Amino acid sequence: MAALRIRQDYSPSDLRQRAARERDAGASLRLLAITNALEGMTRAEAARLAGMERQALHDAIQRFNTET
């Protein structure tokens, strides 16, 4: 199965800034995990560093991709 693509309209630095401004710690960690995956880290490693399972990262990417 192909990896879920991450939208490209935000740079990793934009996402890191957004994560730093986020008041919800969980949301901040999800953004950082997405950023790490966007920068080329494996999904498993990006999820592990954020303290989540790969499936949770997959779900976060799906939500992020549908945001406007």
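What you are looking at is a predicted structure, and each value in this text was computed from that prediction instead of being measured.

Criteria and thresholds
Residues numbered from 1 in each chain as written. Predicted model: local features only at pLDDT ≥ 70, side-chain atom pairs only at ≥ 80, totals over all residues. Heavy atoms only, no water. Helix = DSSP H or I, 4+ residues; strand = E, 2+ residues; numbered from the N terminus. Rg over C-alpha atoms; globule rule 2.2 N^0.38 Å. Buried < 20%, exposed > 50% of the residue type's maximum accessible area, 1.4 Å probe, protein only. Contact = heavy atoms within 4.5 Å. Areas by Shrake-Rupley, 256 points an atom, 1.4 Å probe, with all protein chains shown as cover. Lys, Arg positive; Asp, Glu negative; His and termini not counted. Charge placed at Lys NZ, Arg CZ, Asp CG, Glu CD. Phe/Tyr/Trp six-rings, centres within 6.5 Å; stacked < 30°, edge-to-face > 60°. Lys NZ or Arg CZ within 6 Å of the ring centre and 35° of its normal. Salt bridge = Lys/Arg side-chain N within 4 Å of Asp/Glu carboxyl O. Axes fitted to C-alpha atoms, helices over the stretch in contact; angles between N-to-C directions. Parallel < 35°, antiparallel > 145°, perpendicular 65-115°, else oblique. Left-handed = near helix turned anticlockwise from the far one by under 90°.

A. How the structure looks around the overall build of the chain. For the chain, the helix and strand inventory stands at four helices and zero strands. Walking the chain from its N terminus toward its C terminus, one meets helices and strands in the order α-α-α-α. Taking 11 Å as the expected radius of gyration for a compact globule of 68 residues, we find that the chain reaches 11 Å, a close match to that expectation. Seen through its principal axes, the chain has C-alpha atoms that stretch 35 × 25 × 20 Å. Counting across all 68 residues of the chain, residues that qualify as buried make up 31%. Sequence separation of 24 or more characterises 49% of the internal contacts of the chain that already satisfy a separation of 6 or more. By element, 49% of the accessible surface of the chain is carried by carbon and sulfur atoms, the whole surface being about 4600 Å². The centroid of the 11 positive side-chain charges in the chain is displaced by 1 Å from the centroid of its 9 negative side-chain charges.

B. Inspection of the packing of aromatic side chains at higher detail. Summed over the entire model, instances satisfying the criterion amount to one aromatic pair. Here the guanidinium or amino end of Arg7 rests over the ring plane of Phe64, the centre of that ring lying 5.0 Å away. The positively charged end of Arg18 is found above the aromatic ring belonging to Tyr10, 5.5 Å away from the centroid.

C. Structural detail: the pattern of salt bridges. Scanning all chains against the criterion turns up four salt bridges. A salt bridge links Arg16 to Glu39; the nearest nitrogen and oxygen atoms lie 2.7 Å apart. You can see Arg16 sitting in helix 1 (residues 12–21) and its partner Glu39 sitting in the loop between helix 2 (25–38) and helix 3 (43–49), a full 23 residues away along the chain. Overall, Arg16 belongs to the partly exposed group, its relative accessible area being 34%.

D. Just the packing of helix 1 against helix 2, in detail. It is at 9 Å that the axes of helix 1 and helix 2 come closest, and there the two elements cross at 165°. Looking at the two axes, helix 1 sits roughly antiparallel to helix 2. Between helix 1 and helix 2 lies a crossing of left-handed hand. Across the interface between the two elements, Pro12, Leu15, Arg16, Arg18 and Ala19 from helix 1 touch Ser28, Leu31, Leu32, Ile34, Thr35, Asn36 and Leu38 from helix 2.

As far as function goes, none of this settles anything; it's purely spatial.
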